[in-house]
Amino acid sequence: MKDSQNVLTNNALIKDILVYEVGFLVCAAIGIIYIVVMPIVGLFLMCCRCCGNCGGKMYQKQTASIHCRRRTLYWGAFITTFIILAGNICMFRSNQAVKLSVDQSPVQLESTLDNLESFLTAVPQQLAYVFNQSYITIDKISENFNGIGPQLASEIEERLRKTLDPAVHTVRLMNQDVVNTSYQLKQLNSSLTQLQSSMDTLQANITAVKSHISQTLSSPKCMSCETLTPDLQSLTMTISFNIPSLNEFQSDIDKIMKADLESKIKEAENYFNRLPQLVTNTTEDTVQSINQELDKIKTQISQATGNFSLIALPGVSDTLDQARKKIVAFAPEAKKAERIRWIVCVVLCCVILLVVLCNLLGLVLGPLGLKPNANPTQRSSTANCGGTFLMMGAGFSFLVSWLFMLLVLFLFLLGGNTYSLLCKPWKNGELLKFIDDSPGLIPGLDSLNSTGMLSDLSIANIYSNCKKNMPLWSVLHLDRVVDLGNLLNVSQYTEKIQQQFENTEIIVPTVTLLSPEQQNRLSSFSTSAGNVDFTLIMLQINNISRTNFSITADKLDILAGVQTNDDSKTELSSAASDLRQIQAKLETTVIPQLESLTPIIESLQFTADRINGTVGGMLEKVKTAQDFLNTNTAQIVKAVSSQSHESEENVLHVVS
């Protein structure tokens, strides 16, 4: 193909071609011998048959081996017939397969052209996609750096909270106990004030009754009244709930409430809430500098897009459209020609099938009409018909087999050379290499090089890489035009970025969990909580609860019963009635107040005991946390910042 005009004068090339074709030539020689010999043998058979010297009613000499010869010939003919039948079936199937392939070829060719056009159309889109993805990569890196402030703050907060949270939690619990204690003390003071008022009223009434009874008992008219003098002394309720330790406890509670522990808790929480903004403000200049470097990369990529020239792609698309129109125009004629070919091949296949049927009928009818003891000249009509069919099969074979061999020889030479010169080189890639090494061999193919992308490329490599499903960027060597790998190679930027981070000093202030004054007040509060004598309060309450003026009233009634003086009797009965009224007032007013006061005192006592036992531990945790903040905050910030540098470098590598 490279030197087609000088092939006939190039003896060495002719010798190479003959050596290459020696296998085909040998097979062609065998086919030619078959084509020549087969009609000659058929001619001799016909002449012999016409002269009555072959087959027919000729007498056959009966020998001992005649039956063995017959069986051998029978099975040989039977097997040969089935081999021909198998080949005939393959003929029918191949003919139908060719028809289907030809019928589908226009559709498949159009589909292939559509796919190729879609591919060419997608080339600019794929290039745009690659560049857009590069922008996304850079934007992703920028996004990571923009969020470095909250990220660093989160890591710093995580490390600080491990020590601060337990201390802040104990302060929060202590503040809740202080609030609860203050509320309980207010309830207690209010209840004690009401109780004291009720007690003062009862005491005034008791004093008046006691004075009246004393006058009655001292009267000479009162008989045996001196026996009640001791009982008269017990008529008293002079009780005071003014307890110094409780007052001191109330004073310390008020001081703690004024110290406002809640504000310190909020201050600690706000300290963590301010960290992200604080770190962000510190790293703002560094992040801005890094974003400027990333913007430079985007600018370089944008400038690189102009290096691609896709002018030839529309021309290739026009060529594909013309090829599609030609396929549509020639498709009806191709189908019509294929219809004629299919009919001719079906007729030829039926001729072979006719030979097979004649042979099978002969092989079936012959044994059915066979009479072993009868002479051949006396064979039955069935056997004679079988022989006739066998002769018909032989006759058709001699008539058409040489024509079929001629067709087979032509198809073998054409198809074999096509397979050897086109199919095998296509499969192993030699054909594409040949096209690459022969510029101008296929008109219009060289125009693809004008795209600016396919220079220094081979069709063989493109085809091979596409079969491997490699990306377009690698197949077309677009990295030679725009070296995205170099542009997005962050190793050239990481050193500068790391240096900028190292020069950025992040200063995080500390927070004071509890001031010395607050700690002193909490210590005093713990001491006063332990000094409150709740037992004395409960004892006074129990004494009031056990008071019973009805006993004295009953004694007065007994004493009044033995009096002879009506005045004394009346006065004693009146005093007994007054005492019972006081007792009723005590049970309906004071006793309910005492009952409501008891749970408040018990709850307050439980809270005071707990405060007394936990303030020391709480202050110790606060001191530990405060020391940790004062000594380790700077080291934590430095360590987190250093780790962040490394992680951001890793992010750069991974994202790119």
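In every chain, residue numbers begin from 1 and rise along the written sequence. In view of the model being predicted, local features appear only for residues whose pLDDT reaches at least 70, and side-chain atom pairs are presented and counted only at 80 or more, with totals across whole chains, interfaces and linings using the full set of residues. The side-chain numbers reported here are obtained from all heavy atoms of the structure, hydrogens and water having been left aside.

**Re the overall build of the protein chain**
Numbering of helices and strands runs from the N terminus, with a helix taken as a DSSP run of H or I at least four residues long and a strand as a DSSP run of E at least two residues long. When its secondary structure is counted, the protein chain shows 18 helices and 0 strands. Contacts in the protein chain between residues at least 24 apart in sequence constitute 87% of all its contacts with a sequence separation of at least 6. Counting every atom, the protein chain has about 38,400 Å² of accessible surface; 59% of that belongs to carbon and sulfur. A contact between two residues is defined here by any heavy atoms of the two lying within 4.5 Å. The accessible surface values rely on the Shrake-Rupley method and a 1.4 Å probe; as for residues, cover is taken only from the protein chains in view.

**Some thoughts on helix α9 (residues 381-428)**
Maximum bend of α9: about 35°, positioned at valine 400. Burial status follows relative accessibility: with a 1.4 Å probe on protein chains alone, a residue under 20% of its type maximum counts as buried, one over 50% as exposed, and anything between as partly exposed. Residues of α9 that are buried include every one of Ala383, Gly386, Gly393, Phe398, Val400, Ser401, Phe404, Leu409, Gly416, Asn417, Ser420 and Pro425, and no others. Taken from the residues just after α9, glycine 429 is the one with a positive phi, measuring 90°. Bending is quantified residue by residue as the angle between axes fitted to the seven-residue window ending at that residue and the seven-residue window starting at it.

**Structural notes on the confidence of the model for the protein chain**
Per residue, pLDDT measures the predictor's confidence, with a range of 0 to 100. In this model, the protein chain carries a mean pLDDT of 74, and residues with pLDDT of at least 70 account for 71%. Predicted confidence in the protein chain is weakest over helix α14 (residues 491-502), with a mean pLDDT of 63, and strongest over helix α2 (residues 22-50), with 88.

**Brief notes about a nonpolar patch on the surface**
Each patch is built from residues that are more than 30% exposed by relative accessible area and take part in no salt bridge. Like charges join if they lie within 9 Å; nonpolar side chains (Val, Leu, Ile, Met, Phe, Trp, Tyr) join within 5 Å. Salt-bridge detection follows one rule: a side-chain nitrogen of Lys or Arg within 4 Å of a carboxyl oxygen of Asp or Glu. Nonpolar side chains collect at one region of the surface, where Ile32, Ile33, Val36, Val37, Ile40, Val41 and Phe44 lie side by side and expose about 640 Å² of accessible area between them. The residue valine 37 is located in helix α2 in this model.

**Considerations on the packing of α2 against α9**
Direction vectors running N to C along α2 and α9 enclose 170°, while the axes themselves pass 10 Å from each other. With respect to α9, the axis of α2 lies roughly antiparallel. Polar here means any residue outside two lists: the nonpolar Ala, Val, Leu, Ile, Met, Phe, Trp, Tyr, Cys and Pro, and the charged Asp, Glu, Lys and Arg; Gly therefore counts as polar. A breakdown of the residues in the contact of α2 with α9 according to their chemical character gives 18 nonpolar, 7 polar and 1 charged. Every axis in this analysis is a line fitted to C-alpha atoms, fitted for helices over the stretch in contact. Angles between the N-to-C directions lie between 0 and 180 degrees. Each angle gets one of four labels, with under 35 degrees taken as roughly parallel, over 145 as roughly antiparallel, 65 to 115 as roughly perpendicular, and the rest as oblique.

**Some remarks on the pattern of salt bridges**
Evaluated as defined, the whole model comprises 2 salt bridges. Measuring nitrogen to oxygen at the nearest pair gives 3.1 Å for the salt bridge that ties lysine 99 to aspartate 103. In this pair, lysine 99 and aspartate 103 both sit in helix α3 (residues 66-146), 4 residues apart, roughly one turn of the helix. Relative accessible area serves as the criterion here: at 26%, aspartate 103 is assigned to the partly exposed category. When the shortest N-O distance is used, the salt bridge between arginine 341 and glutamate 338 registers 2.5 Å. Of this pair, arginine 341 and glutamate 338 both sit in helix α8 (residues 312-368), 3 residues apart, which is roughly one turn of that helix.

**Digging into the side chain of threonine 81**
As for its placement among the helices and strands, threonine 81 is situated in helix α3. Under the relative-accessibility criterion, threonine 81 is labelled buried at 2%. When near neighbours in sequence (up to four residues on either side) are disregarded, threonine 81 contacts Val356, Asn359, Leu360 and Leu363.

**Considerations on the environment of threonine 80**
For threonine 80, the position within the fold is in helix α3. You can call threonine 80 partly exposed: its relative accessible area is 43%. Sequence separation between threonine 80 and valine 356 is 276 residues; the distance between their C-alpha atoms is 9.5 Å.

**Side note on the packing of aromatic side chains**
What characterises a pair of aromatic rings is the spacing of the ring centres plus the angle enclosed by the ring planes. In this scheme Phe, Tyr and Trp rings, the latter by its six-membered ring, pair at centre separations within 6.5 Å, and the angle between planes marks the pair as stacked below 30 degrees, edge-to-face above 60, and tilted otherwise. Following the criterion strictly, the structure yields 5 aromatic pairs and no others. Judged by centre distance (5.6 Å) and plane angle (75°), the ring pair of tryptophan 75 and phenylalanine 78 falls under edge-to-face. Placement of the pair is tryptophan 75 and phenylalanine 78 together in helix α3, with a separation of 3 residues, close to one helical turn. Look at phenylalanine 78 and you get partly exposed, because its relative accessible area is 24%.

**A short note on the state of the cysteines**
Note that a disulfide, as used here, is simply two cysteine sulfur atoms within 2.5 Å. For the structure shown, the criterion picks out 0 disulfides. Residue cysteine 345 stays outside any disulfide, its sulfur separated by 6.4 Å from that of cysteine 349, the closest cysteine.

**A closer look at the environment of glutamate 595**
If you trace the backbone, glutamate 595 turns up in helix α18 (residues 566-655). You can call glutamate 595 exposed: its relative accessible area is 55%. As for glutamate 595 and serine 545, which are separated by 50 residues in sequence, their C-alpha atoms are 9.2 Å apart.

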